Amino acid sequence: MTEGPASALARRLTRLTGRPVTVEGLTRLTGGANRETWALTAVDPSGRRGLVLRSGAGTGGVPLAVEAEAITAAARAGVPVPELVDVGGGEDGLPAEYLLMGRVDGETVPRRLLRDEAYAAARAGLARELGAVLARLHAAPLDGSTGIPAVGDPLDRLTTAFLTGGPPPPGLALGLRRLREHRPPAHGPVLVHGDFRLGNLMVGPDGLRAVLDWELVHRGDPLEDLGWCCAKVWRFGSRLPAAGVGTREDLLDGYAAVAGWRPTAAELRWWELYGTVQWGLMCRAMTERHLSGAEPSVELAAIGRRAAEQEFDVLLALGLDTPAAAAPGEEPDGDELLFGRPTAAELAAAVGDFLAGEVRAATQGRTSFHAQVAANVVATVRRELLLGGGARARRRARLAGLGTADDAALSRAIDEGTLDDRWDAVVDAVREGVRDRLRVANPRHLAVPDA
């Protein structure tokens, strides 16, 4: 944003409050692949107030007016949320869709929340507290909440809302099949946050202060929020399954104490797997926004390769693989000196070091964040240059042995059961392919422990 939008915000706040307002420090925050988020300070004769503006730039979420409706319903049910200041579109020169909220002090960065001593006391009781908050959210009355969408059958939702570009990769195909064959009874529908996990929770040393980022809100099964919170991707390397801060029992204890009923361990595990598969499919759907040209973004481009992480996590959840003791090395598999020095891999390493070093240090905010994302992308390209030839040859041989033309055909065979008489060979093929993809995309993920 520029000074023009800052002036537009000042005019809008002046109109809302009836007092002259100026806006200072309008700064776009990092992260957020679906929305733009800005921090600002409103100044009027009564003092200074921190605010946060979310604009509707980006796709993939509900309209911001629906977010506001959900936040209002959640607040009435006792869920801690930011104060709503304004919601609208196009007024006084503001974005076509926007949401203005009070700023809540605290921390959202998972790495800090999971490791810093300042949050040790909060971590100790946070899983139980999150369960209690979800129980209150799921009890929120929805009478009159006409804008909050209902998702219907959750498995249909995975394939209609998130499955793009043909069959899923084989690891996710295994997960989808397990979900179909072992689905638990349905509950609800209730108000579901849709992305309830560290990163979208404002936490202070005293515990949870606000639930943020309601762009995936909908009506659905209450177990969806509980399972999503426990999915391995949202533990951020922690061995503790509930948001990386506690046990499943802690989470369910907090939920049952408020809700008056307790989901079973089997139900929670099913929804954990659901969340893992969903995030893997979402990675592909989000990167398609970049590939199609609809929303060019290095962040969206990078996220597509993260689907391999979720394939591996599906294998872990199904007991079909185990974390590696150490991430494999990056030994070249071809004649890397054909075109002389520096090799393509060495050139990529130099560019990555420049982005992660000089560029990131010389920039700030979102540009600095994207410099690191770009450095990670270049590191992926380097690993593919080093390892890709061998991986492709292994893949061709493995798929030929199964009589499948490519991974899409393997996924269809998993879905349809046409290779069930060779199930061990199918699992071996999936495991090998997932590990090869991860060695390129993010080899460190191979060593991340499961709960």
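Residues numbered from 1 in each chain as written. Predicted model: local features only at pLDDT ≥ 70, side-chain atom pairs only at ≥ 80, totals over all residues. Heavy atoms only, no water.

**Concerning the domain arrangement of the chain**
- Domain annotation of the chain identifies domain 1 (5–102), domain 2 (110–315) and domain 3 (322–446).
- When each unit is reduced to the centre of its C-alpha atoms, the spacing between domain 2 and domain 3 is 26 Å.
- Listed by partner, the interface residues are 20 residues for domain 2 and 32 residues for domain 3.
- Both sides of the domain 2 and domain 3 interface together cover about 2100 Å² of buried area, and 67% of this is carbon and sulfur.
- Ranking the residues of domain 2 by area buried against domain 3 places Pro170, Arg177 and Phe312 at the top, with a combined share of 30%.
- Counting the contacts that link domain 2 with domain 3 gives 5 salt bridges. (Domains from an automatic or database assignment. Contact = heavy atoms within 4.5 Å. Buried area = accessible area lost by both parts, 1.4 Å probe. Salt bridge = Lys/Arg side-chain N within 4 Å of Asp/Glu carboxyl O.)

**What about unusual backbone geometry?**
- At the junction of Gly188 and Pro189, the peptide bond is cis and its omega measures out at 10 degrees in the coordinates.
- Tracing the backbone through its elements, the reader meets Pro189 in the loop between helix 6 (170–181) and strand 6 (190–192).
- The linkage connecting Arg341 with the following residue, Pro342, adopts the cis geometry, with an omega of -5 degrees.
- The residue Pro342 is located in the loop between helix 11 (307–317) and helix 12 (344–362) in this model.
- Even without a glycine there, the phi angle at Ala243 is positive, about 60 degrees.
- Looking at where Ala243 falls in the secondary structure, it is placed in the loop between helix 7 (223–230) and helix 8 (248–259).
- Looking at Ala243, the relative accessible area reads 0%, which means it is buried. (Helix = DSSP H or I, 4+ residues; strand = E, 2+ residues; numbered from the N terminus. Buried < 20%, exposed > 50% of the residue type's maximum accessible area, 1.4 Å probe, protein only.)

**Quick word on the nonpolar core**
- One finds Leu130, Leu158, Leu191, Trp214, Trp279 and Leu410 to be the most contacted residues of the largest nonpolar core, which totals 93 residues.
- Tallying contributions element by element places helix 9 (residues 265–291) first for this core, with 11 residues.
- Here Trp214 is in contact with Arg54, Val62, Glu67, Ala70, Ile71, Ala74, Val81, Leu137 and His193, once residues within four sequence places are set aside.
- Core analysis: the next-biggest nonpolar cluster, separate from the first, contains 15 residues, Ala6, Ala10, Trp38 and Leu100 among them. (Core = buried A, V, L, I, M, F, W, Y, C linked by side-chain atoms within 4.5 Å.)

**Here's the deal with the packing of helix 6 against helix 11**
- Where helix 6 meets helix 11, the closest approach of the two axes is 8 Å, and the angle between their N-to-C directions is 45 degrees. In terms of orientation, helix 6 lies oblique with respect to helix 11. Of the two possible hands of crossing, helix 6 and helix 11 adopt the one that is left-handed. Each of Pro170, Gly171, Leu172, Leu174 and Gly175 in helix 6 lies in contact with helix 11, whose residues at this interface are Gln310, Glu311, Val314 and Leu315. (Axes fitted to C-alpha atoms, helices over the stretch in contact; angles between N-to-C directions. Parallel < 35°, antiparallel > 145°, perpendicular 65-115°, else oblique. Left-handed = near helix turned anticlockwise from the far one by under 90°.)

**Brief notes about the sheet that holds strand 4 (residues 84–88)**
- Read across the sheet, 5 strands follow the order 1-2-3-5-4 without closing on themselves; strand pairing throughout is antiparallel. In this open sheet, the two strands that pair with only one neighbour each are strand 1 (22–28) and strand 4. When the angles between neighbouring strand axes are averaged without regard to direction, this sheet yields 20 degrees.
- In the sheet, strand 1 pairs with strand 2 (residues 36–44) via 5 bridges, with the strands oriented antiparallel. Of the residues in strand 2, the one forming a bridge with Thr27 is Ala39. (Pairing = 2+ DSSP bridges.)

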